[in-house]
Amino acid sequence: MHEYTSRVRVWELLCPGLLEEVSRARRFTRDVLTEDPRRDDAALIVTELAANAVRHTDSAHLGFRLAISRTRELLTIAVTDAGGTDRVPMPREVADEDTGGRGLALVQGCAHRLHIHRGRPGHTITAELTTENTPC
C-alpha cells in the first residue's frame, strides 16, 4: 500500500441551520457514496438525523455537522447538532396515530449499531452500517 493511501475514506459537511440544508446533506451523501450499495440507506439516515438536528436543537440557528466515513466493511454516518436542549435523543415507540417521533427508531432499524453521544454543546448521533446490513 502506498504511504499516502488510506483504507478509510472520510467526508465532512458543515451546514447552516436551515431546513433546506437537509436536502443538501442528503445530496452530498448520495454524491460521495456513488458506488456504495448502502447509498440509499445512508441518504435516508442523513435525512432523519439532519432534520432532527434542525427541528429539535439550536442547529436551527447555528447549523449542524455531517461526517461520513467508509471502509470496506463499515459505513459510518455522524450528525452533530448545536445543542440547546437537555433532552437526550432516543429511539422511542409511538402510537399509530402519532404523526412524528419515528425517525430515530427508523435509523436504528437501518443501522448495525446506533450511538448517541452527549457532548458539548450538542449531541452526536452515529449510525454504523456493515456490508451485512439488510436494506431499510
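Attention here is on the structure that accompanies the text. Note that the coordinates shown come from a computational prediction; the quantities given were computed from them, not determined experimentally.

1. Looking at the overall build of the chain
Point 1. Along the backbone of the chain there are 4 helices and 5 strands.
Point 2. The linear arrangement of helices and strands in the chain, starting from the amino end, is β-α-α-α-β-β-α-β-β.
Point 3. Evaluated residue by residue, the chain yields a buried proportion of 41% over its 136 residues.
Point 4. Summarising the internal contacts of the chain: among those between residues at least 6 apart in sequence, 60% fall at separations of at least 24.
Point 5. Accessible surface for the chain amounts to roughly 8,300 Å². Of this, 49% is attributable to carbon and sulfur atoms.

2. What about the packing of helix α2 (residues 39-56) against helix α4 (residues 103-110)?
Point 1. In the contact formed by α2 and α4, the axes pass within 10 Å of each other and the chain directions differ by 150 degrees. By the criterion of interaxial angle, the relationship of α2 to α4 is roughly antiparallel. Our pair here, α2 against α4, has a crossing hand that is left-handed. Contact residues: α2 offers Leu44, Ile45, Glu48, Leu49 and Asn52, while α4 offers Gly103, Leu104, Leu106, Val107 and Cys110.

3. A few points about the pattern of salt bridges
Point 1. Inspection of every chain in the model, using the stated rule, returns 6 salt bridges.
Point 2. A salt bridge links Arg113 to Glu128, with the shortest nitrogen-to-oxygen separation between them at 3.1 Å. Taken together, the positions of Arg113 in strand β4 (residues 113-118) and Glu128 in strand β5 (residues 123-130) put the pair 15 residues apart, joining distant regions of the chain.
Point 3. By relative accessible area, which is 41% here, Arg113 ends up partly exposed.
Point 4. Beyond isolated ion pairs, a larger network of salt bridges with shared partners links Asp36, Arg38 and Arg70.

4. Quick look at the pairing of strand β3 (residues 74-80)
Point 1. Across the 7 residues that make up β3, a large majority, 6, are buried.
Point 2. As defined by bridge partners, strand β2 (residues 64-70) adjoins β3 across 6 bridges and the pair is classed as antiparallel. Looking across to β3, one finds that Ser69 is bridged to Thr76.
Point 3. Counting the residues between successive antiparallel strands, the hairpin from β2 to β3 contains 3 residues.
Point 4. Pairing between β3 and β5: 7 bridges, direction antiparallel. The residue of β5 that forms the bridge with Ala78 is Thr126.

5. Here's the deal with the environment of Ala50
Point 1. Within the element layout of this structure, Ala50 appears in helix α2.
Point 2. Distance from Ala50 to Asp81, taken between C-alpha atoms, is 8.2 Å for residues 31 residues apart in sequence.
Point 3. Excluding its chain neighbours within four sequence positions, the residues that come into contact with Ala50 are Val22, Phe64 and Val79.

6. Quick look at the sheet that holds β5
Point 1. Spatially, the 5 strands line up as an open sheet ordered β1-β2-β3-β5-β4, and their pairing is antiparallel. Since the sheet does not close on itself, it has two edges, and those belong to β1 (9-15) and β4, each with one partner. Neighbour to neighbour, the strand axes of the sheet diverge by 15 degrees on average, direction disregarded.
Point 2. Along the sheet face, α2 touches β2, β3 and β5 and points at about 15 degrees away from the line of β3.

7. Quick look at the side chain of Thr57
Point 1. Among the secondary structure elements, Thr57 is positioned in the loop between α2 and α3 (59-62).
Point 2. Classification of Thr57 by relative accessible area gives buried; the value is 12%.
Point 3. Within polar-contact distance, the side chain of Thr57 engages the backbone oxygen of Ala53 at 2.5 Å.
Point 4. Sequence-distant contacts of Thr57, defined by excluding residues within four places in its chain, comprise Asn52, Asp81, Ala82, Gly83 and Thr85.

Calculation rules
- Residues numbered from 1 in each chain as written.
- Predicted model: local features only at pLDDT ≥ 70, side-chain atom pairs only at ≥ 80, totals over all residues.
- Heavy atoms only, no water.
- Helix = DSSP H or I, 4+ residues; strand = E, 2+ residues; numbered from the N terminus.
- Buried < 20%, exposed > 50% of the residue type's maximum accessible area, 1.4 Å probe, protein only.
- Contact = heavy atoms within 4.5 Å.
- Areas by Shrake-Rupley, 256 points an atom, 1.4 Å probe, with all protein chains shown as cover.
- Axes fitted to C-alpha atoms, helices over the stretch in contact; angles between N-to-C directions.
- Parallel < 35°, antiparallel > 145°, perpendicular 65-115°, else oblique.
- Left-handed = near helix turned anticlockwise from the far one by under 90°.
- Salt bridge = Lys/Arg side-chain N within 4 Å of Asp/Glu carboxyl O.
- Pairing = 2+ DSSP bridges.
- Polar contact = N/O pair within 3.5 Å; in protein donor to acceptor, adjacent residues only side chain to side chain.

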